[in-house]
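# Coordinates in review
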Amino acid sequence: MVDSKKLQDKARETLVRDDVRRLIGWKRGTYGYEAAPTVIKDASDAEALIFDPTCVQNLASFLTLEEKLPVPRGAEPDTRKVAVMVKGCDSRAIVQHLLEKAYGRDDVIVLGIPCRGVIDRRKAEKLFGDVATPVEVKEEGDKLVLEIGGEVKTVDRKDILMDKCLRCRYPNPLVSDFLLDEEVEKFADDDFADVDEFEKQSPADKWAHWEEQFGKCIRCYSCRNVCPMCYCVECIVTKLRPQWTRRSTDISENTAYHIQRAWHLAGRCIECMECQRVCPVDIPIMTLNRKLTRDVKELFDYEPGVDTEAQPLLASYNPQDPEEYIM
Amino acid sequence: MANYKFAKEKLAKVLSGLSDFKVLAPALTGDVARFQEVTDPAQVTLDYGNSNVPPKELMFPETETLFKYRLGQDEVEASVPSPEEKRVIFGIRPCDAQAYSIVDNLFRWDFNDPYFLNRRESTALVGLACADPCANCFCPSVGGGPASEEYLDAVMFDLGDAVYLKTLTDKGEGVAEALSGVLEAAGGDEKKAADKQAKDALGKIQRSIDTAGIPEKLPSLYDHPFWEQFSDRCLGCGICTYLCPTCHCFDIQDESEAFDARRARMWDTCMFAEYSLHTSGHNPRPTRKERTRNRISHKYSYFPEKFDVIACVGCGRCINYCPVNIDILDILEKSKEAEAKEAKTA
């Protein structure tokens, strides 16, 4: 576990630098099993920073979410760096951002955190109920010890961690300027068993499944907005002139939205699972993304967000690429 | 009005007894509770906290056709719901019913909106009192309560094996009449148990806010930097507003397939950039700071100024589902602490 004093000291040290504009970290949430992202501009606020298994959010998203107003005539744009804390999985978003040239390597300071998994709020609420006060969590071997409203509960990590953690291949940040803790040993692997299982269904059953799931969608776009890889300046589904996707909700438009998004993430999704975590109506969005992730891996031996020297998949060409679908 | 009861195992019988009505009730898909038209009574659950999507969609659907027309022709065919269609919302929470009464103000304001108001008129609200409020519920702070009867036509209390049903209006009595063969008369025991449950439920509410002074103060914080503490981490998604039972903003769009066209309205949200985008390209709310400020100020200042009621019922959905822990109670508390003077120096 990261020592919070060390983490706060590093944050302070970073924030007092003249070339740093802001730092994105986590602080204790106001209730329940999830921390809150926080954007800090003043070193005196660093005392609020934490890291523990409640720090589920992928903060790399905030690097591309920041809205910048036009610079007034005669003024210089603020080119100072942004510091960001990332877990292993989150760091893949930064690698992918860098190879897509979303920003330059010198624009960010990456504070890496080796991570042994974060809590799935849905699993926690099923086990221990919802709670109006913030929960604190400590790691003890293969157990997590939760302090919930004054009561202490112990639970096996495998029963409460996010699914992505149970198949985590990158617990250590793949890009970082400073590591805030010792690297941890890889503790899981991914065999895409969930994708295999889903694919066993007949096309009719699969369509029935997606019809039910997309039918629930209220098009709040939380999956898109939380996604570190959805950072188009203007998203095609909200573009008004011309309008490619209707604003009305029905199975056709909802399906169009989710399929467009899945395709736009092919070879780009870094599997942080934020889209599925935030969905207010529990649409299993990662099933689509993971199917594409596996296809990309099998067809092109490509994995997004792991190598800053790589080319983006869709910007690269190899004469050996399979081309069965080309007539 | 009268007191009734039915055995909980007879829930399906109660629902099928309402065959003269279009029955809308909470159903579970996986863990997601949402109101839908009952086609199979077995889908209905009374065992839910607050539905993920509020039942505002039953009066104000997410997408609604206003009228249909053919391109190149002058006639339009209105799609106004009939005020005669008998509907009952079975198992609505008191807060969600209160939300309807708040939104009534808007849809009755400068124009009587027949789409919303006809549905309101034709719908009986059979409520379900909360025995176990959710962690982020704060209804008593904004004029409600886990067993508040004020905005309902009838209220049910889940007493374990039996459900106690108390009618509160003629409309509610009309529903009970349709169930005359199914409901039994309830006595003092059920009433006592329901009163105890209501009292206990009130004691289980853990979060609260003293709203005194907030509507008056918020405008003075218009330029205050404190909004940034929250807007800096806002994703700009529509969760807080789409899941809010009192948020009522909509967009109007024309859609066509070949020559068949319709004018439809659909939920819109002040948290989206395009909500306030002008045709010129100018956006008076250029960042999430202005949008966050608008959401809170509209609920706790502009709406009460115009209609004399806070546009929040304390259901806790915006807190529960916000992916980044933007907590309306936290914002309101911090707004009380914020010094209005600072606004000028910022």
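Going by the structure above, here's the rest.
Not measured: the values here are computed from a predicted model. (Residues numbered from 1 in each chain as written. Chains lettered and ligands numbered in written order. Predicted model: local features only at pLDDT ≥ 70, side-chain atom pairs only at ≥ 80, totals over all residues. Heavy atoms only, no water.)

For chain A, the helix and strand inventory stands at 12 helices and nine strands. For 327 residues, the compact-globule estimate of 2.2 N^0.38 gives 20 Å, and the C-alpha radius of gyration of chain A, at 21 Å, lies within 12% of that figure. For chain A, the spread of C-alpha atoms along the three principal axes comes to 60 × 60 × 40 Å. In chain A, buried positions account for 53% of the 327 residues. About 15600 Å² of surface is accessible on chain A, with carbon and sulfur atoms providing 51% of the total. Charged side chains of chain A number 48 positive and 60 negative; the gap between the two group centres comes to 4 Å. (Helix = DSSP H or I, 4+ residues; strand = E, 2+ residues; numbered from the N terminus. Rg over C-alpha atoms; globule rule 2.2 N^0.38 Å. Buried < 20%, exposed > 50% of the residue type's maximum accessible area, 1.4 Å probe, protein only. Areas by Shrake-Rupley, 256 points an atom, 1.4 Å probe, with all protein chains shown as cover. Lys, Arg positive; Asp, Glu negative; His and termini not counted. Charge placed at Lys NZ, Arg CZ, Asp CG, Glu CD.)

What follows concerns helix α3 (residues 88–99) of chain A. Residues and elements named next belong to chain A. Relative to the 16 Å expected for 12 residues at 1.5 Å per residue, α3 spans 17 Å between its end C-alpha atoms, a close match to the ideal helical length. With 12 of 12 residues buried, α3 lies mostly within the body of the structure. By the burial criterion, the buried members of α3 are G88, C89, D90, S91, R92, A93, I94, V95, Q96, H97, L98 and L99. One or two positions beyond α3, positive phi appears at K101, with a value near 60 degrees. (Expected span 1.5 Å × (residues − 1).)

As a further point, take the environment of A:S61. Relative to the helices and strands, A:S61 is located in helix α2 (residues 61–65). With sequence-adjacent residues up to four places away left out, A:S61 is seen in contact with A:V226, A:C227 and A:P228. (Contact = heavy atoms within 4.5 Å.)

Residue and element names in this part refer to chain A. At the junction of R241 and P242, the peptide bond is cis and its omega measures out at -5 degrees in the coordinates. In this structure, P242 sits in the loop between α9 (222–226) and α10 (251–264). At K101, a position not held by glycine, the phi torsion is positive, near 60 degrees. Mapping K101 onto the fold places it in the loop between α3 and β5 (108–112). Owing to a relative accessible area of 70%, K101 belongs among the exposed residues under this scheme.

Residue and element names in this part refer to chain B. In spatial order, the strands read β3-β2-β6-β7-β8-β9-β1-β10; together these eight strands make up an open sheet with mixed pairing. Each having just a single partner strand, β3 (32–37) and β10 (184–185) make up the two edges of the open sheet. Bridge count between strand β7 (residues 123–128) and strand β8 (residues 154–158): three bridges; the pairing is parallel. Considered in β8, the bridge of G127 is made with V155. Along the sheet, helix α4 (residues 170–178) makes contact with β1 (3–7), β6 (87–92), β7, β8 and β9 (162–167), crossing β7 at roughly 80 degrees. (Pairing = 2+ DSSP bridges. Axes fitted to C-alpha atoms, helices over the stretch in contact; angles between N-to-C directions.)

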